[in-house]
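Listed below, chain by chain, are the residues.
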Amino acid sequence: MTLAVLMLLTVFASAASAQDAIEIRGPVFNGSNIQEIVGTDGITIDATQFAAFFYDINDNVTTETLSIINVPGNNGNVIGEGGLVYETQIQQVEYEFTDAAGWDNYSVIGFFAEKYIPLKPNSADKLAKLVLDSDDRYTIRTGETLDLGEGYAIEAKQVDVDGEKVWLEFTKDGEFVDDEIISVTDPDRSTWEVELDDIEDEDDVVVLKVHVNQVFQGAVDSIAQIEGLWLIDYANAMTIESDDEFGELNDVSIQGDRLVIRNDDTITLTRDSTKEIAEGMFFKVADTPSNVLRFYVMKEITDPGTYEVRGQVATGDFTWDATNFAGFFYDIDDDVTTETLSVTGLNGGNVIPDGGLVYQTTIQNVDFDYEDWGQYPVLGFFAEKYIPLKPNSADKLAKLILDSDDRYTIRTGETLDLGEGYALEAKQVDVEGEKVWLEFTKDGEFVDDEIISVVNSSQSNWEVELDDIQDEDDVVVFRVHVNQVFQGAVDSIAQIEGLWLIDYANAMTIESDDEFGELNDVSIQGDTLVIRNDDSFTLTRDSEKEIAEGMFFKVADTPANELRYYPFVERTVGEVSEIDDEEEGPSENVTAPGEENVTAPEDENVTAPDENVTEPGETPVEEPTVGDTPEEEGGEGAPGFGVVLGLAGLLAVVYLVRRNN
């Protein structure tokens, strides 16, 4: 029983989690119709403009483009047949590890915003995803396993007594693939290449490269130090055929090292919609009048992990806003941006002078998702969406948690988890079925309550106003619209359609003497914040330099007479710990030099849903209750009965989680 209760508490504790998906958008296109937007020359975006496309900043390599070209069928909001063209071509990039023979360049190709490796260097029809390209250093003891991701692993089987060789074994899903004895004294044998046959009918395909840096045979431990790893997901390689279809792109042309895929049918950019192009790439189209067409291309990422969302690549002075930096806040329906980031005064060097780095953001108004509420003020602040506590003052802010017109149905006694510890409970429904008593809480503590009537439209909305939020009174922190109330023979329910919430408990006040990383000269100008660098700022080559508040510049490893850089922020999908972050590389049973051996815990990868939320039309699920347990006939004192109860509770919780998901 204790196990069941603890598992229930775990579900409640983890209801507010990282986002389930992130959207990485490309440039915004705006005009009266598709003909005006495309023009006679067409429009093309590549990886320097579209952050989802594969891009290697050090080698300045892009492989993908998406074009809308001028074809006779373009009309209004319709792209004609053959008017949408996706193209990608094999290019060469350097390995991350470059300090040994055989680690120069490899072939790469972006394929619908994913990084793939061609099985044949000059043929784009057979591809496998790149799992790992790393120059990080890993130390593993004999008997330990280095988890490479996607079920691939390396085990150090033995180290020879002279401490000059190590026996490594490569496995997939625990099954043997290959093994090799690596010598660190012989440069020609310190790198192990695993070549396999019959990968999509191709032989001698290099699927793994490992460079062993050092081997140590001590009195206690035998260890191997690996520096240099490269791996492709050969088990899930694919062959692209000319008759394949990828969503709206269904006319495939394989041209040696290049793939060209067009639409064989017209594509309608329906307003206020998200239209899939292919393989997780979409057109997002604004809700505009018929004489306006506004849209952008975006990639939706749902796989758990931490991802880089970057701005357009620059080589000198540059200005970014939401149209060329996908991290900045942007409302496509209202065409609203608030943030800009500018670099001036580089003069061919890599040092930004005092005041040459300027971040600016200005309050704007956008529509509530629940349209009957009109508009509210919003402010992007270092690529996060904030709400000013005073509509025309940018110095007091709270993060926006929720702006939704989704429909939720909750029963009396149930709690709707709003995120960040905030919740809404339906306490009671009146016997006439016209009113509901709602209670708003933070971290389980009462904040406010109200009786909402659905008969009187003026009373079907509830605004929670609080005082003393960063010394401000009458601050609207929460809005809810009750659509319907139902009092049945079995259930009493309230249907909610319209939610808006700010994180008032963590609101902040910005002062003129505040510092935000390199941006430390703050000017508060009514509805506008302007923040500059008070000291010079060096764009050090081959580095990631934090600007402020989780915003960075990534600078390419280029010669002194060149400069290439872009801003970026990181976004996380799902519950991902640092040790499981794909960017950190292998993690399981990895020991860094000089550290104690630590085995990483398994990532359960469970994201709990909003607790006790029932969508309209669904059958209610009863929660397990804790009470007296009747003795089984003839089973008094039966060993293991408590464990059975615990497992039953656990299964009940898993069922609840899966069902609510």
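Just so it is clear, the model here is predicted, and its values are computed rather than measured. (Residues numbered from 1 in each chain as written. Predicted model: local features only at pLDDT ≥ 70, side-chain atom pairs only at ≥ 80, totals over all residues. Heavy atoms only, no water.)

Quick word on the overall build of the protein chain
Counting secondary structure elements, the protein chain contains 3 helices and 50 strands. Residues counted as buried form 48% of the 661 residues belonging to the protein chain. Look at the contacts in the protein chain between residues 6 or more apart in sequence, and 55% of them connect residues 24 or more apart. Counting only carbon and sulfur atoms, one obtains 40% of the accessible surface of the protein chain, whose full area is about 30900 Å². (Helix = DSSP H or I, 4+ residues; strand = E, 2+ residues; numbered from the N terminus. Buried < 20%, exposed > 50% of the residue type's maximum accessible area, 1.4 Å probe, protein only. Contact = heavy atoms within 4.5 Å. Areas by Shrake-Rupley, 256 points an atom, 1.4 Å probe, with all protein chains shown as cover.)

Remarks on the packing of aromatic side chains
Within this structure, the stated rule accounts for 41 aromatic pairs. Ring geometry for Y95 and W103: centres 5.1 Å apart, planes at 70 degrees, overall edge-to-face. We classify W103 as buried; its relative accessible area is 1%. Each residue in the set F50, F53, Y86, F111, F112, Y116 and F246 is aromatic and connected to the rest through ring pairs, giving one cluster. The cationic tip of K172 hangs over the ring face of Y152; the distance from NZ or CZ to the ring centre is 4.3 Å. Between the NZ or CZ atom of K545 and the centre of the ring of F537, over which it lies, the distance is 5.9 Å. (Phe/Tyr/Trp six-rings, centres within 6.5 Å; stacked < 30°, edge-to-face > 60°. Lys NZ or Arg CZ within 6 Å of the ring centre and 35° of its normal.)

Quick look at the pattern of salt bridges
Going through the model one piece at a time under the given rule, you end up with 25 salt bridges. Among the salt bridges present, the one from E23 reaches K284, with a minimum N-O distance of 3.2 Å. You can see E23 sitting in strand 1 (residues 22-31) and its partner K284 sitting in strand 24 (residues 281-285), a full 261 residues away along the chain. Taking the relative accessible area as the measure of exposure, E23 reaches 30% and is therefore partly exposed. Judged by relative accessible area, K284 falls into the partly exposed class, the value being 24%. With a shortest N-O distance of 3.2 Å, E497 and R407 are connected by a salt bridge. One end of the pair, E497, is in strand 43 (residues 492-502); the other, R407, is in strand 36 (residues 393-411), with 90 residues separating them in the sequence. Using a relative accessible area of 19% as the deciding quantity, one classes E497 as buried. (Salt bridge = Lys/Arg side-chain N within 4 Å of Asp/Glu carboxyl O.)

A few points about the sheet that holds strand 13 (residues 152-159)
If you trace the 4 strands from one edge of the open sheet to the other, you get 12-13-14-15, paired in antiparallel fashion. With one partner strand each, in any of the chains shown, strand 12 (145-149) and strand 15 (175-183) form the two edges of the open sheet. Between one strand axis and the next, the sheet turns by 20 degrees as a mean value, whatever way the strands run. Here strand 14 (residues 165-172) pairs with strand 15 via 8 bridges, running antiparallel. Following the sheet pairing, V166 is matched in strand 15 by I182. (Pairing = 2+ DSSP bridges. Axes fitted to C-alpha atoms, helices over the stretch in contact; angles between N-to-C directions.)

What about the sheet that holds strand 45 (residues 521-525)?
What the 5 strands build is an open sheet, ordered 27-30-32-46-45; its pairing is antiparallel. The open sheet terminates on both sides in strands that have one partner only, identified here as strand 27 (318-321) and strand 45. Ignoring which end each strand starts from, the neighbouring axes of this sheet average 15 degrees apart. Relative to strand 46 (residues 528-532), strand 45 is paired through 5 bridges, and the arrangement is antiparallel. Within strand 46, the residue paired with D521 across the bridge is R532.

Focus: the side chain of R141
Following the sequence through the fold, R141 ends up in strand 11 (residues 123-141). Side-chain polar atoms of R141 contact the side chain of D221, separated by 3.2 Å. (Polar contact = N/O pair within 3.5 Å; in protein donor to acceptor, adjacent residues only side chain to side chain.)

Side note on the nonpolar core
By size, the foremost hydrophobic cluster in this structure holds 96 residues, and its most contacted members are F111, F283, F295, F381, F553 and Y565. Here this core gets 6 residues from one element, more than from any other, and that element is strand 25 (residues 293-301). When sequence neighbours within four positions are dropped, the list of residues in contact with F381 reads E339, Y359, Y386, L397, M508, I510, F516, L529 and I531. Core analysis: the second largest hydrophobic core is formed by 46 residues, W103, V166, L168 and V212 among them. (Core = buried A, V, L, I, M, F, W, Y, C linked by side-chain atoms within 4.5 Å.)

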